[in-house]
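Here is how the chains run, residue by residue.
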Amino acid sequence: MSERKQRTPMVPFPSDAIIPERDLGTRPVLDARHLGVEFGGLKAVDDFNLIIGRTEIAGLIGPNGAGKTTIFNLITKVYSPTTGTILIDGKDTANMNTIQVNKAGIARTFQNIRLFGKMSVEDNVKIGLHNKMKYSMATGILRLPAYWKTEKLMHEKALELLSIFDMQDMAGAIAGSLPYGAQRRLEIVRALATGPKLLLLDEPAAGMNPAETSELMENILKIRDTFQIAVMLIEHDMHLVMGICEGIAVLNYGSIIAKGTPEQIQSNPAVIEAYLGKRKEGDA
Amino acid sequence: MKKKTSKEFINNAVTYLLVIAAFLIVNTMKEAGMLTRSLTGQLIPICAYIVMAISLNLVVGISGELSLGHAGFMSVGAFTGAVVTASMAAAIPDPTVRMIMAMIIGGIAAGIMGVIVGVPVLRLQGDYLAIVTLAFGEIIRNVINCLYVSMDEGRLFISFNDPSLPGKLLINGPQGALGISKISTFVMGFALIIFTLIVVLNLMNSRNGRAMMALRDNRIAAESVGIGVTKYKLMAFVTASVLAGMAGVLYAMNYSTITAGKFKFDTSILVLVFVVLGGIGNIRGSIIAAAILTILPELLRSFNDYRMLVYAIVLILVMLATNNEHLKQWGSAFKRRLFSRHKAMKGGAEE
Amino acid sequence: MSFLSNLINGISLGSVYAIIALGYTMVYGIAKMLNFAHGDVIMIGAYISFCVTQYMGLPAWVSVLAAMLVCTLLGITIESLAYKPLRNAPSLAVLITAIGMSYFLQNVALLIWGSNPKSFTSVIDADPIRLFDGQLIISDVALVTVAACILIMIGLTWFTGKTKMGRAMRAVSEDKGAAQLMGVNVNLTISVTFAIGSALAAIAGVLLCSAYPTLMPTTGSMPGIKAFTAAVFGGIGSIPGALLGGILLGIIEIFGKTYISTELGDAIVFAILILLLLVKPTGLLGKKVREKV
């Protein structure tokens with residue numbers, strides 16, 4: 001399982017990539033192989049294989065309870081997989097914890113927003129910058145010049161990141177008092193502040209109105225283009241998924257039942273039966 | 001933001017000024033002989049309890065872990081300090097320097113104990129952590145009760161459960177530390193409070209303090225942005241232990257003898273009560289609560305039989321009142337009216 | 001032989017801890033709070049029994065019933081006055097209130113009965129059993145204590161498993177909100193839990209003071225803390241866990257005091273608790289709760 005310690009070849013099994021031709025010749029940012037997890041004998045995820053390219057925007061969709069969030073939890077090591085391997089930028093995560101996974105280049109948001117609600121918006125972003133801009137405990141207590149310099153840089157960087165979503169004016173507000181949509185955006189900014197190579201977004205558009213969603217779509221594209229990172233998102237809003245995802249993987253009962261471009265997914269009979277079929281008269 | 005920094009600055013400045021003003025007033029009254037004997041005797045313990053409350057607030061309020069064994073670290077400092085001052089009496093005749101030395105060494109000893117306790121224990125959460133810190137406090141007390149330290153011709157002898165040591169006994173098992181030179185002064189107590197405030201307030205408002213608060217508010221989110229539980233919980237816990245050790249030195253050097261019984265579970269609870277009544281996470285509140293609640297039983301001396309009963313009732317009533325939904329709503333409505341202009345401005349920004 | 005007699009002493013003391021721990025564990029399981037005043041209810045129970053036998057001259061069994069009655073009422077009163085208003089408050093606020101309640105009970109006892117220790121006369125008056133030509137003596141109190149503990153365990157297991165109120169208790173401890181939606185009277189269930197826990201505390205108080213006859217306002221606090229340790233040891237919230245934890249703790253304490261050091265007996269108990277929690281963070285029989293992300 002942990003035999004493969006060293007760097008893997010570039011895109012070893014293109015068949016596991018959603019769009020094999022994308023980011024060809026570069027090392028994939030995420031390479032999940034035969035991933036599986038059991039909770040009390042119940043297989044929540046079974047033989048999950050997925051490769052994500054360095055600047056790909058990938059969608060993970062599926063009916064409720066299909067195991068989408070569990071995949072995120074496995075990738076970020078909130079849960080440890082029972083079987084399989086996960087490589088982040090070629091590095092095996094078998095012995096990593098959540099913190100090390102983040103340092104290796106993965107940041108995420110949460111389906112049920114997890115902000116530091118009593119702290120200011122700016123502080124939330126600064127916490128994201130925690131490992132990027134450092135000074136020692138003694139420097140902080142003695143207020144040495146490095147403290148003032150780093151704090152100033154952090155402040156500027158935080159405002160710069162907030163300006164992606166045009167939120168720099170809210171920097172002083174208490175995070176918990178923000179409207180729902182703004183809280184979701186702040187969570188993305190906080191995740192971005194950690195300098196990830198792959199951003200995992202868990203239902204980023206949930207609770208947003210159509211105008212906000214369109215804006216979010218533009219912003220996700222902007223983030224990818226500016227920072228040159230990959231984005232993987234879980235979303236029920238098909239307009240968003242079909243609109244910005246280059247590749248889509250469909251999950252049902254913990255396994256991938258289809259993957260491909262939005263067009264391929266929309267015409268895939270298995271997907272229609274498992275997922276889109278039920279949604280036809282609904283919001284899809 | 002400029003605005004936020006200045007708000008924080010003003011908040012801290014008020015705390016420092018409060019402490020300095022209180023010190024100047026009380027010290028003047030003391031010099032003028034306006035304080036009763038019993039109240040004068042309480043000044044150094046008050047300083048020690050204030051330091052205890054501030055440091056426990058770092059653990060409970062900022063780091064968000066319930067510790068019921070804070071007095072254990074105080075006792076480690078107290079007994080270390082007693083040995084240090086006695087053994088250095090010849091080498092360092094100046095009491096102030098000796099006291100500073102004792103505080104440094106006592107703080108380090110308590111800090112080491114903090115690491116020993118913290119590393120295994122901080123993996124537990126919530127009520128389990130509370131019971132284990134309680135257990136550790138009791139263990140420390142039990143062990144000190146069996147500890148014998150003596151000095152003979154400049155050499156220290158330490159034994160466990162065996163009082164037959166050469167020379168003069170400095171720590172005599174259950175009888176505690178004997179023959180302490182009473183070198184604590186009110187000015188030193190004040191200096192220690194200021195030192196504690198600098199450490200705790202600056203730590204709180206630094207990146208490490210933010211990490212502690214992030215872990216407190218949402219552990220999973222904090223881990224997702226690469227902030228590890230153990231490092232920052234330990235940082236808060238050990239810093240608080242060091243400060244508690246220093247408070248222990250200050251406290252012990254105010255008496256000629258001191259026993260481990262002084263640092264029982266009750267003392268830990270007392271300090272926790274200061275923190276909770278002063279407001280969890282509110283440093284200034286801790287200072288005020290510690291000062292008032294240490295003096296209160298003294299002032300209630302005339303009702304000697306009833307004072308602890310009154311104390312208990314007040315404690316329960318305050319908890320019921322501060323957590324009453326109706327009162328809370330009323331309070332926040334009052335605040336809203338007070339700051340309505342400020343709120344309206346912020347509401348505008350949110351649109 | 002001394003090993004056997006120490007073992008019996010340990011089991012006997014452990015049975016008292018187990019009875020107290022049951023009160024802690026049931027309250028924790030249902031109200032999710034550490035009832036620090038539980039140890040002081042023990043003390044009140046012992047004083048009531050003491051008064052009934054000494055001042056009123058009534059037989060011992062009447063005094064036990066009286067103690068149970070008073071403690072039950074006391075438990076219900078404490079819960080409804082001090083804890084019920086805090087049901088949605090942060091757990092620290094509830095803890096501090098419970099600590100306040102503990103101080104309150106101790107100081108009330110101090111005012112009524114004074115600080116001088118009372119010498120408690122055992123409620124059990126039977127001959128000890130002598131085995132192996134009198135080399136091994138099992139005291140009457142030890143026998144009754146162990147028997148009481150077993151009876152209480154059987155009774156509680158039946159109660160929580162078979163009765164409607166017992167099912168309600170398990171439902172509330174699992175999910176208060178869902179239980180309420182299913183028509184369970186949550187307030188009543190919590191009151192009944194406190195009532196049972198406090199009645200058990202009264203029994204424990206009488207048994208404890210029959211074995212260790214010094215009765216003071218602080219008599220309950222250390223056994224209370226140790227019984228709570230026992231509850232955590234066995235896995236808080238679990239009834240068999242409380243029994244197991246209590247008995248083990250009693251044995252460890254007696255053996256530690258006898259074979260290692262009298263002064264360090266308590267330290268050994270606590271050290272073993274810490275070691276256990278580090279290996280098994282939810283106690284021997286505790287369930288692991290997974291946080292949903």
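Note that the structure is a prediction, hence the values are computed from the model and not measured.

### Quick word on the interface of chain B and chain C
- With 41 residues of chain B at the interface, the matching set in chain C holds 43 residues.
- Both sides together, the interface formed by chain B and chain C hides about 3700 Å², and carbon and sulfur atoms give 80% of it.
- Taken together, the connections running from chain B to chain C amount to 0 salt bridges.
- Across the chain B-chain C interface, the total number found is 0 residue pairs in polar contact (both at pLDDT 80 or more).
- Among the elements of the structure, helix H4 (95-121), helix H5 (126-145), helix H8 (219-224), helix H10 (265-278) and helix H12 (307-322) of chain B are those that each provide at least two residues to the side of chain B that touches chain C.
- The leading source of residues in the side of chain B that touches chain C is H5(B), at 11 residues.

### Focus: the sheet that holds strand E2 (residues 155-160) of chain B
Residue and element names in this part refer to chain B.
- Strand order in the open sheet formed by 3 strands is E2-E1-E3, with antiparallel pairing between adjacent strands. Two strands in the sheet have a free side with no partner beyond their single neighbour: E2 and strand E3 (168-172). Here the average twist between neighbouring strands, direction ignored, is 20°.
- Across 6 bridges, the pairing between strand E1 (residues 147-152) and E2 is antiparallel.

### Some remarks on the sheet that holds strand E4 (residues 83-88) of chain A
All names here are of chain A.
- Strand order in the open sheet formed by 4 strands is E2-E1-E4-E5, and the pairing between neighbours is antiparallel. This sheet does not close on itself; its edge strands, each paired only once, are strand E2 (42-52) and strand E5 (91-92).
- Pairing between E4 and E5: 2 bridges, direction antiparallel. Within the sheet, the bridge partner assigned to Leu87 lies in E5 and is Asp92.

### Quick look at the environment of B:Leu234
Residues and elements named next belong to chain B.
- Within the secondary structure, Leu234 is located in helix H9 (residues 229-252).
- Taking the C-alpha atoms as reference points, Leu234 and Val119, 115 residues apart in sequence, are found 6.9 Å from one another.
- Apart from residues lying up to four places away in sequence, Leu234 is in contact with Gly118, Val119 and Leu122.

### Things to note about the packing of helix H6 (residues 180-193) of chain A against helix H7 (residues 210-227) of chain A
Residue and element names in this part refer to chain A.
- Close contact between H6 and H7 brings their axes to 12 Å; oriented N to C, the two are set at 10°. Taken together, H6 and H7 sit at an angle that is classed as roughly parallel. Contacts from Gly181, Arg185, Ile188 and Leu192 in H6 reach Glu212, Leu216, Ile223 and Phe227 in H7.

### Remarks on a negative patch on the surface
- On the surface, a cluster of negative charge is made up of A:Asp166, A:Asp169, A:Glu215 and A:Glu218.
- With respect to the helices, strands and loops of the structure, A:Asp166 is situated in the loop between helix H5 (145-162) and H6.

### Some words on the confidence of the model for chain A
All names here are of chain A.
- On average, residues of chain A carry a pLDDT of 87, and 88% of them reach 70 or more.
- Confidence over residues 1-13 falls short of pLDDT 50; this stretch has 28 contacts with residues more than four positions distant or in other chains.
- Below a pLDDT of 50 lies the segment residues 279-284, which in the model reaches 3 contacts outside its immediate sequence neighbourhood of four places, other chains included.

### Looking at a positive patch on the surface
Residues and elements named next belong to chain C.
- Judged by side-chain charge, Lys162, Lys164, Arg167 and Arg170 come together as a positively charged surface patch.
- A total of 3 residues in the positive patch trace back to one element, the largest contributor, which is helix H6 (residues 164-174).
- By secondary structure assignment, the location of Lys162 is in helix H5 (residues 140-162).
- A relative accessible area of 62% means that Lys162 is categorised as exposed.

### Some words on the state of the cysteines
Residue and element names in this part refer to chain C.
- Using the criterion set out here, one finds 0 disulfides over all chains in the structure.
- Cysteine Cys51 shares no disulfide, and the gap to the nearest cysteine sulfur, in Cys71, comes to 12 Å.
- Assessed through its relative accessible area of 15%, Cys51 is described here as buried.
- The closest cysteine sulfur to the non-disulfide-bonded Cys209 is located on Cys71, 11 Å from its own sulfur.
- Owing to a relative accessible area of 1%, Cys209 belongs among the buried residues under this scheme.

### A look at the packing of aromatic side chains
- Under the defined criterion, the tally for this structure stands at 19 aromatic pairs over all chains.
- Taken together, a centroid distance of 6.4 Å and an interplanar angle of 75° make the contact between B:Phe79 and B:Phe263 edge-to-face. Of this pair, B:Phe79 sits in helix H3 (residues 70-87) while B:Phe263 sits in the loop between H9 and H10, and the two are 184 residues apart along the sequence.
- On the basis of relative accessible area, B:Phe79 is assigned to the buried category, the value being 4%.
- You can call B:Phe263 buried: its relative accessible area is 3%.
- Aromatic side chains C:Tyr83 and C:Phe194 sit 5.7 Å apart centroid to centroid with 45° between the ring planes, which places their arrangement in the tilted category. Of this pair, C:Tyr83 sits in helix H3 (residues 60-83) while C:Phe194 sits in helix H8 (residues 186-211), placing them 111 residues apart in sequence. When sorted by exposure, C:Tyr83 lands in the same class as C:Phe194, which is buried.
- Feature note: the residues B:Tyr49, B:Phe79, B:Tyr251, B:Tyr255, B:Phe263 and B:Phe274 constitute an aromatic cluster, connected by ring pairs.
- Sitting above the plane of the A:Phe116 ring, A:Arg190 keeps its charged end 4.8 Å from the centroid.

### Regarding the interface of chain B and chain A
- At the junction of the two partners, chain B supplies 32 residues and chain A supplies 39 residues.
- Carbon and sulfur atoms make up 60% of the surface buried where chain B meets chain A, a total of about 3100 Å² over both sides.
- Applying the counting criterion to the chain B and chain A interface returns 13 residue pairs in polar contact (both at pLDDT 80 or more).
- For the side of chain B that touches chain A, the secondary-structure elements that each account for two or more residues are helix H1 (2-31), helix H6 (186-204), helix H7 (207-217), H8, H9 and helix H14 (340-350) of chain B.
- Among the elements that take part in the side of chain B that touches chain A, H7(B) stands out by supplying 7 residues, more than any other.
- In terms of residue class, the side of chain B that touches chain A is built from 16 nonpolar, 9 polar and 7 charged.

### Notes on the packing of H12(B) against helix H4 (residues 91-113) of chain C
- Their axes nearest at 8 Å, the elements H12(B) and H4(C) cross at an angle of 155°. When the interaxial angle is binned, H12(B) and H4(C) end up roughly antiparallel. Judged by the twist between their axes, the crossing of H12(B) over H4(C) is left-handed. Contact residues: H12(B) offers B:Met308, B:Leu309, B:Ala312, B:Ile313, B:Leu315, B:Ile316 and B:Met319, while H4(C) offers C:Ala93, C:Ile96, C:Thr97, C:Gly100, C:Met101, C:Tyr103, C:Phe104, C:Asn107, C:Val108 and C:Leu111.
- The class makeup of the residues in the contact of H12(B) with H4(C) is 14 nonpolar, 3 polar and no charged.

### Description of the pattern of salt bridges
All names here are of chain A.
- According to the stated counting rule, one finds 23 salt bridges over all chains in the structure shown.
- For Asp89, the salt bridge goes to Arg54, with nearest N and O atoms at 2.9 Å. Highlighted residues: Asp89 in the loop between E4 and E5 and Arg54 in the loop between E2 and strand E3 (57-61), separated in sequence by 35 residues.
- Note on Asp89: relative accessible area 8%, which makes it buried.
- Within this structure, Arg27, Arg54, Asp89 and Lys197 form a network of salt bridges that share partners.

### Quick look at unusual backbone geometry
Residues and elements named next belong to chain A.
- Of note, the phi angle at Lys77 is positive, near 65°, even though the residue is not glycine.
- Its place among the elements puts Lys77 in the loop between helix H1 (68-75) and E4.
- Assessed through its relative accessible area of 10%, Lys77 is described here as buried.
- Positioned with a positive phi, Gln228 is a non-glycine residue whose angle comes to about 55°.
- Residue placement: Gln228 occurs in the loop between H7 and strand E8 (230-234).

What counts, and where the lines are drawn
Residues numbered from 1 in each chain as written. Chains lettered and ligands numbered in written order. Predicted model: local features only at pLDDT ≥ 70, side-chain atom pairs only at ≥ 80, totals over all residues. Heavy atoms only, no water. Contact = heavy atoms within 4.5 Å. Buried area = accessible area lost by both parts, 1.4 Å probe. Salt bridge = Lys/Arg side-chain N within 4 Å of Asp/Glu carboxyl O. Polar contact = N/O pair within 3.5 Å; in protein donor to acceptor, adjacent residues only side chain to side chain. Helix = DSSP H or I, 4+ residues; strand = E, 2+ residues; numbered from the N terminus. Pairing = 2+ DSSP bridges. Axes fitted to C-alpha atoms, helices over the stretch in contact; angles between N-to-C directions. Parallel < 35°, antiparallel > 145°, perpendicular 65-115°, else oblique. Patch = residues over 30% accessible without salt bridge, like charges linked within 9 Å, V, L, I, M, F, W, Y side chains within 5 Å. Areas by Shrake-Rupley, 256 points an atom, 1.4 Å probe, with all protein chains shown as cover. Lys, Arg positive; Asp, Glu negative; His and termini not counted. Charge placed at Lys NZ, Arg CZ, Asp CG, Glu CD. pLDDT = per-residue confidence, 0-100. Buried < 20%, exposed > 50% of the residue type's maximum accessible area, 1.4 Å probe, protein only. Disulfide = S-S within 2.5 Å. Phe/Tyr/Trp six-rings, centres within 6.5 Å; stacked < 30°, edge-to-face > 60°. Lys NZ or Arg CZ within 6 Å of the ring centre and 35° of its normal. Nonpolar A, V, L, I, M, F, W, Y, C, P; charged D, E, K, R; others polar. Left-handed = near helix turned anticlockwise from the far one by under 90°.

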